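Structural features, examined
Residues per chain, in single letters:
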Amino acid sequence: MAFSGAIGAVGAGVLTAATTLRLRARDKRALVAHPPEGRLLTVNGLQVHAVERGRGPDLLLIHGASGSSRDFTFSLLDRLAQDFRVIAFDRPGLGHSDPLPGGDASIAGQIAVLKAAADQLGVTNPLLVGQSYGGTVATAWALQHPAAALVTLAAPSLPWPGHLDIWYRLTARPVPRALLVPLASAWVPDIYVQRQIDAVFAPAHAPAGYLDHLGTDLTLRHSQLAANVAQINALRDQIVAMEPRYPGLTLPIEMVHGTADTIVPLSIHSGPLAPRLSSARLTVIEGAGHMPHHTHPQVVLDAIARAATRAGLR
């Protein structure tokens with residue numbers, strides 16, 4: 001028994017050492033292959049990555065879960081930069097932005113950092129555009145600070161029934177999260193990431209070159225995975241707290257949502273919410289999944305243009 005225990009301890013030690021080496025190698029590859037595309041700002045001692053392009057009214061892009069500003073720099077940002085001064089942030093803990101201190105996974109904490117970064121860039125009364133989780137952040141931002149208009153793309157907005165998938169349930173508690181996240185970061189194969197991307201884009205396919213641009217190593221960095229699971233696990237309770245405040249949203253709102261979105265279903269989120277908001281207009285894309293800014297970019301660009309017009313920005 002003692003011998004078996006010793007063998008087990010040695011095996012655990014070898015796995016820990018190998019995992020640590022792979023984590024360091026992934027971090028190094030991520031930073032070399034996918035360096036910051038924009039400016040690195042300092043907000044209360046935290047690094048915030050902001051990509052800025054174009055001239056015109058201020059437009060802020062807020063990305064969804066597991067990603068970074070690279071989701072927007074793949075194609076959408078440059079198209080918007082023809083008419084706007086566009087700023088795409090990496091949310092805290094993701095991409096090249098530092099996580100919030102103390103394991104804070106709150107939307108309010110993220111907004112405090114991003115708003116301070118926007119202030120550094122001279123942003124005033126922005127048009128807010130958020131996809132998926134980023135749409136929830138953009139909505140919360142509009143509840144807290146002045147904004148010209150709000151555009152949400154496949155955004156969680158109302159409490160959902162049931163539970164998150166098994167990965168998030170397993171990582172909901174600190175101890176299993178501390179064990180599972182580094183193992184996943186070190187050992188999950190690239191093909192798994194490709195399958196997850198396929199699921200997010202379904203029933204469509206990701207554009208050619210999208211995953212290479214987004215960066216598997218950047219997405220699977222230990223710090224990013226840890227921040228993401230904490231943020232997702234904390235999301236529903238925050239939406240529950242936000243919902244009673246929604247009637248206070250009187251700014252122009254454009255919502256875009258696909259009927260085939262299985263990640264954030266239209267019937268649970270934008271569908272029932274839009275009629276409750278007098279200033280909201282919902283564009284439903286038949287057969288579209290969770291990534292309409294890639295699969296139906298012109299529909300998204302048209303919604304943003306309408307929001308800008310309604311807000312008097314153009």
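It should be noted that the structure appears before, not after, this text.
Now for a look at the structure at hand. Keep in mind that what you see is a predicted model, and the values were worked out from it rather than measured.

The rules we used
- Residues numbered from 1 in each chain as written.
- Predicted model: local features only at pLDDT ≥ 70, side-chain atom pairs only at ≥ 80, totals over all residues.
- Heavy atoms only, no water.
- 1 Å grid on protein atoms, 1.4 Å probe; cavity = no way out; pocket = protein on both sides within 12 Å on 5 of 7 lines; lining within 4 Å.
- Points joined across faces, edges and corners; volume = space filled by probe spheres on them.
- Helix = DSSP H or I, 4+ residues; strand = E, 2+ residues; numbered from the N terminus.
- Nonpolar A, V, L, I, M, F, W, Y, C, P; charged D, E, K, R; others polar.
- Pairing = 2+ DSSP bridges.
- Axes fitted to C-alpha atoms, helices over the stretch in contact; angles between N-to-C directions.
- Contact = heavy atoms within 4.5 Å.
- Buried < 20%, exposed > 50% of the residue type's maximum accessible area, 1.4 Å probe, protein only.
- Arc of directions from axis to C-beta.

Right, let's get into empty space enclosed by the protein. Following the criterion strictly, the structure yields one cavity of 30 Å³ or more and no others. Counted as a void, the largest cavity has a volume near 90 Å³. In this structure, the largest cavity is lined by 13 residues; those nearest its centre are T139, T152, S157, M255 and L273. At the level of elements, β6 (149-153), β7 (253-258) and α13 (270-273) are the ones that each hand at least two residues to the lining of the largest cavity. Among the residues making up the lining of the largest cavity, the classes are represented as nine nonpolar, four polar and no charged.

Okay, the sheet that holds strand β3 (residues 58-62) next. The mixed open sheet is built from eight strands, whose spatial order is β1-β2-β4-β3-β5-β6-β7-β8. Two strands close off the open sheet at either side, each with one partner strand: β1 (39-43) and β8 (280-285). Taken pair by pair, the neighbouring strands of this sheet meet at an average axis angle of 20°, ignoring direction. Across four bridges, strand β2 (residues 46-53) lies against strand β4 (residues 85-89) in antiparallel orientation.

This brings us to the environment of F84. Locating F84 in the fold gives a position in the loop between α3 (76-80) and β4. With 25 residues separating them along the chain, F84 and L59 place their C-alpha atoms 6.3 Å apart. Residues in contact with F84, not counting those within four places in the same chain, are R53, G54, R55, G56, P57, L59, L127, I304, A308 and R314.

Time to look at the pairing of β6. Of all five residues in β6, five are buried, a share of seventy percent or more. Every second residue of β6 is oriented toward a common face, with A149, V151 and L153 on one face and L150 and T152 on the other, all of them buried. Alignment of strand β5 (residues 127-131) against β6, held across five bridges, turns out to be parallel. Across the sheet, residue G130 finds its bridge partner in β6, namely T152.

A few words on helix α12 (residues 235-242). Looking at α12, one finds that the buried residues are L235, Q238, I239 and M242. One side of α12 carries all its buried residues, which in axial view fall inside an arc of 100°. Of the exposed residues in α12, those oriented more than 90 degrees away from the buried face are D237 and A241. Where α12 is buried, its residues contact α4 (107-120), α5 (133-144) and α11 (222-233).

To continue, consider the layout of surface pockets. The space that makes up the largest pocket amounts to roughly 1,200 Å³. Contributing to the lining of the largest pocket are 43 residues, with A65, S66, Y168, V200 and I263 lying nearest its centre. Within the residue set of the lining of the largest pocket, elements represented by two or more residues are α6 (166-170), α8 (190-201), α9 (210-214) and α11. Examining the composition of the lining of the largest pocket, we find that seven residues originate from one element, α8, more than from any other. Considering only residue class, the lining of the largest pocket consists of 28 nonpolar, 13 polar and two charged. Approximately 220 Å³ is the volume found for the second largest pocket. Along its surface, the second largest pocket is lined by W160, G162, H163, L164, Y168, R169, A172, I232, N233, R236 and D237. Elements that contribute at least two residues to the lining of the second largest pocket include exactly α6, α11 and α12. Here the residues of the lining of the second largest pocket are counted per class, giving five nonpolar, three polar and three charged.

Just geometry here; none of it tells us what the structure is for.
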